[in-house]
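# Observations on chain architecture
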Amino acid sequence: MSNETIPLNLFKANLELQLGIQRLMQENGQQWLENATRAGKDGIAESGAEIESLLKAQNWQELGTLPAQAFWRQFQHHVGGAQALTQVAIKNQTTFTQGLQQAIQDWQKSVTQAVGQGDAVLPFQDMFKQWGEVWVAAQHKDAPANTGGHNAG
């Protein structure tokens, strides 16, 4: 490898890292968008069901009990939804962190090879290891057997 190709190879390594991070960001954003869309559809369906129950009321007494019933149904649904959203957030962050760690390790190997030190010890090998372990631990710790939410995904 000549000194003339080192800058080109370093540029390529940096470009690959930028593209990898951009891809990770787009995938992460897409996951959030899909989850928000799903939650929005669930909310519309829930509101429609509440309106339908109001329309089906046959008398004032029945109509008077609907708000309390609706409150508890929505409360239970939103608690389950919040739990599911927490699990989705942890899963998304874990995936992103692992992908970022791999992208940086690949970049580091490319840079090391570009400067002709293929067998050199990689100083950033565990750069994101602790950060990634936090999300993996959270994913396993907070994973309930049943989230009960409709927003999971």
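Our structure's up above, just so we're on the same page.
Now for a look at the structure at hand.

Calculation criteria
- Residues numbered from 1 in each chain as written.
- Predicted model: local features only at pLDDT ≥ 70, side-chain atom pairs only at ≥ 80, totals over all residues.
- Heavy atoms only, no water.
- Helix = DSSP H or I, 4+ residues; strand = E, 2+ residues; numbered from the N terminus.
- Buried < 20%, exposed > 50% of the residue type's maximum accessible area, 1.4 Å probe, protein only.
- Contact = heavy atoms within 4.5 Å.
- Expected span 1.5 Å × (residues − 1).
- Core = buried A, V, L, I, M, F, W, Y, C linked by side-chain atoms within 4.5 Å.
- Salt bridge = Lys/Arg side-chain N within 4 Å of Asp/Glu carboxyl O.

So, on to the environment of R73. In this fold, R73 is placed in helix α2 (residues 60–114). Assessed through its relative accessible area of 38%, R73 is described here as partly exposed. In sequence terms R73 and E46 are 27 residues apart; their C-alpha atoms lie 9.6 Å from each other. Apart from the residues lying within four places of it in its own chain, the contact partners of R73 are E50 and S53.

A few words on helix α1 (residues 5–55). Along an α-helix, a turn takes 3.6 residues, which lines up residues three or four apart on a common side. If you check α1, its first and last C-alpha atoms are 74 Å apart, about what 51 residues at 1.5 Å a residue would give, namely 75 Å. Residues of α1 that are buried include every one of I6, A13, L17, G20, L24, N28, N35, E46 and E50, and no others. Against the buried residues of α1 lie α2.

Okay, the nonpolar core next. Within the largest apolar cluster, 6 residues are counted, these being L17, L24, F96, L100, A103 and I104. Elements that contribute at least two residues to this core include exactly α1 and α2. Residues in contact with F96, not counting those within four places in the same chain, are L24, M25 and N28.

Glancing now at the pattern of salt bridges. Considering all chains together, one arrives at 1 salt bridge under this definition. Residue R23 is joined to E27 by a salt bridge in which the shortest nitrogen-to-oxygen separation is 3.2 Å. With a gap of 4 residues between them, R23 and E27 both fall in helix α1, about one helical turn apart. Judged by relative accessible area, E27 falls into the partly exposed class, the value being 38%.

In short, the description is geometric, and any link to function would need to be established separately.
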